[in-house]
Structures are given as C-alpha cells and as structure tokens.
Amino acid sequence: PICPNVFVGNSLIQDVFFSRRLENKLAMKEGPFDIVIGNPPYIGEKGNKALFDRMRETEFGKKYYEGKMDYFYFFIYRALEILKPQGILSYITTNYFVTADGAVKLRNYLKNNASFIEIINFNDYEVFKNAKGQHNLIFSLKKGHDPKQPIFVKHIRKEGSNKNDIESILLHSKKEGSGMSQYILSSQEQLYGFNNHILIQENDRYAPILEKISRNKDYVLGELCTVNQGIVSGADKVTKRMMETKMSSETIQREKIKENEGIFVLEKEEAEKLGFIGADYLKPMYKNSDIQRYRTRENPLKYILYIEDDTFSELNMLDQRAQNHLKRYREVLEKRRETLQGRRKWYALQWPRKQKIFEGSKIVVPHRARKNTFAFTAAPWYASADVYFICGRSTFVDLRFLLAQLNSKLMYFWLYNRGKRKGEVLELYASPLKELPILFSVNNLIWDEVVSLSEKMIAKGEISTLQKKIDSIFYRLYQLTEEEIRVIEKLYTENLLK
C-alpha cells in the first residue's frame, strides 16, 4: 500500500495476496481499496503443478480454480475481493484469457461481477523486450456489474507503431497513430461473445460484418463434423531428460539406449532396420508442416507404432519384433501418467484416438498458423497432437465444399476476430474450430462449382486465380457489400502480405 486506499504491486504481490501472515498485515490497513494496480505473475499450470496444488488446498483456491488456468487469474479474483464497490482494478497481463478454454469460469465471473472500462491490446508489440510470453493486455475495470458502462478498446500493432505514438495514446493525448486503432463499445453486452469470449477486435467496422456472417450461417462446424486432436504417445523418442530422470543407468547400459532413438515414432531407416515395414501396426506419421492449403504431403519420413490396448489387449498379441523393441523402454513407459493410473497398458500409446479418423477422408489443420491452412486427404495420415482432424458426421457433409469455405478469406476474417490467436498467429484448436460459421444451403450449380475448384487445388495445390473465385463466391453467398469485402481484403492483405 502506498496510500490508504490504493494498492500497487508487481509480481511479488503474490506474497501479499496469498500468505496468511501478510494477509493479516494487509487487513490492518485501511480498506477495502479504491484502486488496485499491478503486474501479476504469468504462470501456467503446465510445469507448475505443485504451485497450483498448494493453492487448491486453500479455501480461496478451491473457490476459484479451473483447469488449464493461469496463476494470474487468482490475482484478478483477489483484487475484486479487496476492492470497494465501484473500485477500480487495472492490470497488465497476457491477453490469452479473453478466449482461453481455461478461463471460462473467470470470464463468467467478470461478466457478472465487474464492468470493463478500457482494454488496450498490445497484440505482437513487445511491451517487455526481454520477457517470454508477450501478447500483453492492459485492462481497467470497476467492481460491480454495470451493463451500460461503455468500454474504450485500443489495439496496437507491432508493424507501423512507434513508442511516442503509443505513449500519447495511453495518456489519452492522442486518439490515433500509425499501427493503432481504437473505438468505443456502448455497453458491456457488446464485449462478450460465444462462451463469453471477450471480443477485442481491431475496430468497430468489423462487428457488423461478423454479425452478418453469423446470421447467414446454416450450421457451426461442430454440428457437421467431429474435430479431434492427433495422437499423444507419451514417449515418441528417447530424450535427454528421460535418460536422466526416468531410466536407470543399468537399463541404459544393458539395452544400449541412446538419445533420440525412436520408441513409438520411428525414422524410416529405424523402421526398416527393426523389420517393421509391412507390419499392420506400423502407420505413416506426418508433421503439421506437411499440411499445405488444400493438400498434404503424402510421402512419410517417419512412422508410428500404432499400438492401442483395445486391439492388443495382451503384449503377446504383438509379434516378437514389437515386443522386443518396446521391452527395451518398459521402465520409462510404465511411468507415463495414464499407465500409472491404470488407464493404459504399458506398451500402448497413451492417447491413440479413434483409428478411423486417421484412415478415412478428412480435413487436417495445424494447431497454429499465420493463415487459415486446411488440407484434404483420403490416405492413411497419422499425426501428433499439434494437428486436428475434421471428419464429416454423415455422408451429407461434402468435405471438398467445406475445404474451400475453410480456406476462404472470409473464414480468415472470422478466425482472426472471433477465433483464438497469439498475436497474429491463429490458434486452430478444437473449440474455435467447432464454432466456425458454415453455409451449406446453396443451389446445385454453385455447389458443383465450389467442389470443382476445390478438387483442382487438392490435386495441384493452391492456385491464386482459383482461390480468388472461391473468395468471391463466399462473399456473395454471405451477402457482403463491396465496402464489407474491402474491409476483409484490407485486413487479409495487411496481415499476410507484409
């Protein structure tokens, strides 16, 4: 505390917020507070489980914990607890919580118990030059729900912005600058979208276009298709850390284990040397970089031992080659979480997913990309968890038509503003993919034209003249005006052709 009713802190205030001794000390100060200002610590649960487990042992932690959350969410809750009604909270944090799956509880709480006043999205602009995990956000809100509270939204781009302009805009002495934009939302309701995502698009011209796209949709993607993550083996290959912490020196010496040799994921030469080529459990393994727009690479450099315990309920159901190979790594395989919990046999993949999603016709998409990058393949195509697989729920779903729509500029515009992002990079995870607006009610002539264009690019790769035709068709189908089309084209050009 620097004055009776203002609380200011940086990441060190975790001690003030959560230590019993310091909480008692804080309680002796005049309070609650009019203002809380801070820069709380950005710490994900992954890799910091012990910290979160300690928090969950407290009444405070039990009340506010949610899976896959960030530690700074606790600081938002605590600040609102110690503020007066109508008191002001202002933090600088990362901007991931506005759409994160692990922040649903937090967003619901904020919507019902607080009112945003100002949001400044720094996007890719590096506020802290030497820190990891950029994509910062400054937000100010007041305690208590006031539906008529307007919100000032400011967006700063890395490209074109400069320090002096940013400082002037932050101090409200300047409204616009190169690489920056701002607008006002007239009510709190306008700030929240699906799953209470906090909508911080770049300017107020986008919202009417996005609303029109939503109105004209026939389905969301999750109604037409399943969206599944790729395989998690739990032990792709031998790592240095694995040898240091999960294998005894006796095992390493006896089995002559070396760093980087494949366990479930094998280089082609390894698979040949072990005699696995032709085995029914050896499957072609691809990387997310093998996904291009419309088509995939089909010549695998790696393979995966697709061994699931539904098919191989006993180790002796595998041939001797596979048994001998996996037994070398049994010590580390038995230490995987799913095996320790009795959910998987030690010799099986940790999360194999359903095999049919890898074997049949499907659309594949990398989990992160600068551009909406969707590809079709009907070949056996296996990949790790950094790839998502889109499969039709029925024969009614023509993946070729869907593919063209997913690769359109209109869909990029939606994903950029209503999907999930880290800076300028799209995060193409299951939850935003399932909510994509899809238009399927078109006449047969248009349907056949789109499918024909899509098939040509599946065969040959993306052709710009054909893509332009696809974009034009979907602009027309969604009934966009010339001005709305110019807005979409401008965003696309600025983001992807610079």
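The model shown is predicted, which means the values in this text are computed figures rather than measured ones.

The next point concerns the overall build of the protein. Scanning the protein for helices and strands turns up 22 helices and 20 strands. Taking 498 residues into account, the globule formula puts the C-alpha radius of gyration at 23 Å, and the protein, at 26 Å, falls close to it. In the protein, buried positions account for 52% of the 498 residues. Partitioning the intrachain contacts of the protein with sequence separation of at least 6 by distance along the chain shows that 71% fall at a separation of at least 24. Distance between charge centroids for the protein: 2 Å, based on 79 positive and 63 negative side chains.

With respect to burial, strand E5 (residues 136–143) is a largely interior element, six of its eight residues being buried. Of the pairings in the sheet, the one linking strand E3 (residues 83–94) to E5 comprises seven bridges and is antiparallel in character. Each residue of the ladder has a partner; that of leucine 89, found in E5, is leucine 141. Here seven bridges tie strand E4 (residues 114–121) to E5, and the two strands are oriented antiparallel to one another. By the bridge assignment, alanine 114 is partnered in E5 with lysine 143.

Glancing now at the layout of surface pockets. One number sums up the size of the largest pocket: a volume of about 1,900 Å³. Lining the largest pocket are 49 residues, and of these Glu45, Lys46, Gly47, Lys68 and Gln229 lie nearest its centre. Listed by contribution, the elements that provide at least two residues to the lining of the largest pocket are helix H5 (72–82), helix H10 (240–245), strand E18 (420–422) and helix H19 (430–434). Here the lining of the largest pocket is composed, by residue class, of 16 nonpolar, 14 polar and 19 charged.

This part takes up the sheet that holds strand E11 (residues 282–286). In space, the four strands of this open sheet follow the order E10-E12-E11-E16, with mixed pairing throughout. The open sheet is flanked by strand E10 (265–267) and strand E16 (382–383), the only strands paired with a single partner. Here three bridges tie E10 to strand E12 (residues 302–305), and the two strands are oriented antiparallel to one another. The residue bridging leucine 266 from the neighbouring strand is tyrosine 303, located in E12.

Moving on: the confidence of the model for the protein. Chain-level pLDDT for the protein is 89 on average; 90% of the residues reach the 70-or-more range. Of the regions scoring below 50 in pLDDT, residues 11–28 engages in 31 contacts with residues more than four places distant in sequence or in other chains.

This next bit is on the packing of aromatic side chains. Counted under the stated rule, the structure contains 36 aromatic pairs. Centre to centre, the rings of tyrosine 42 and phenylalanine 72 are 5.9 Å apart; their planes meet at 70 degrees, and the pair counts as edge-to-face. On the criterion of sequence distance, the pair formed by tyrosine 42 in the loop between strand E2 (33–38) and helix H3 (49–56) and phenylalanine 72 in helix H5 is long-range, its members being 30 residues apart. Judged by relative accessible area, which is 28%, tyrosine 42 ranks as partly exposed. With 5.8 Å between their ring centres and 80 degrees between their planes, tyrosine 71 and phenylalanine 74 make a pair best called edge-to-face. Clustering of aromatic rings is evident, with ring pairs tying together Phe52, Phe60, Tyr64, Tyr71, Phe74, Phe75, Tyr77 and Tyr109. In this structure, arginine 421 packs its charged tip against the face of tyrosine 416, placed 3.8 Å from the ring centre.

This part takes up the packing of helix H20 (residues 444–460) against helix H21 (residues 464–477). Packed helices, taken two at a time, are described by their axes: the angle between them and the distance between them. Following both chains from N to C, one finds H20 and H21 inclined at 150 degrees, their axes separated by 10 Å at the closest point. With respect to H21, the axis of H20 lies roughly antiparallel. For the pair H20 and H21, the crossing hand works out as left-handed. Mapping the contact onto sequence places Ile446, Glu449, Val450, Leu453, Lys456 and Met457 in H20 and Leu466, Gln467, Lys469, Ile470, Ile473, Phe474 and Leu477 in H21. Counted by class, the contact of H20 with H21 contains nine nonpolar, one polar and three charged residues.

A separate point is the environment of serine 408. Its place among the elements puts serine 408 in the loop between helix H17 (399–406) and helix H18 (409–418). Expressed as a C-alpha distance, the spacing of serine 408 and asparagine 372, which sit 36 residues apart in the sequence, is 7.9 Å. Ignoring anything within four residues of it in the chain, the contact list for serine 408 reads Asn372, Gln467, Asp471 and Phe474.

Turning next to the environment of valine 98. Relative to the helices and strands, valine 98 resides in the loop between E3 and helix H6 (104–113). Here valine 98 falls in the buried class, since its relative accessible area comes to 6%. With sequence-adjacent residues up to four places away left out, valine 98 is seen in contact with Arg107, Leu137, His197, Ile198 and Ile200.

What follows concerns helix H13 (residues 320–327). Inspection of H13 places Ala322, Gln323, His325 and Leu326 among the buried residues, and these make up the whole buried set. Buried residues along H13 cover an arc of 165 degrees about the axis, so they all sit on one side. Buried residues in H13 make contact with E10, helix H12 (268–274), E12 and helix H14 (330–333).

Quick look at empty space enclosed by the protein now. Applying the stated criterion to the full structure yields one cavity of 30 Å³ or more. Lining the largest cavity are 17 residues, with Val98, Thr99, Ile200, Gly419 and Arg421 sitting closest to its centre. Where the lining of the largest cavity is concerned, the elements lending two or more residues are H18 and E18. With three residues, the top contributor of residues to the lining of the largest cavity is H18. Along the lines of polarity and charge, the residues of the lining of the largest cavity split into six nonpolar, eight polar and three charged.

Conventions and cut-offs
Residues numbered from 1 in each chain as written. Predicted model: local features only at pLDDT ≥ 70, side-chain atom pairs only at ≥ 80, totals over all residues. Heavy atoms only, no water. Helix = DSSP H or I, 4+ residues; strand = E, 2+ residues; numbered from the N terminus. Rg over C-alpha atoms; globule rule 2.2 N^0.38 Å. Buried < 20%, exposed > 50% of the residue type's maximum accessible area, 1.4 Å probe, protein only. Contact = heavy atoms within 4.5 Å. Lys, Arg positive; Asp, Glu negative; His and termini not counted. Charge placed at Lys NZ, Arg CZ, Asp CG, Glu CD. Pairing = 2+ DSSP bridges. 1 Å grid on protein atoms, 1.4 Å probe; cavity = no way out; pocket = protein on both sides within 12 Å on 5 of 7 lines; lining within 4 Å. Points joined across faces, edges and corners; volume = space filled by probe spheres on them. Nonpolar A, V, L, I, M, F, W, Y, C, P; charged D, E, K, R; others polar. pLDDT = per-residue confidence, 0-100. Phe/Tyr/Trp six-rings, centres within 6.5 Å; stacked < 30°, edge-to-face > 60°. Lys NZ or Arg CZ within 6 Å of the ring centre and 35° of its normal. Axes fitted to C-alpha atoms, helices over the stretch in contact; angles between N-to-C directions. Parallel < 35°, antiparallel > 145°, perpendicular 65-115°, else oblique. Left-handed = near helix turned anticlockwise from the far one by under 90°. Arc of directions from axis to C-beta.

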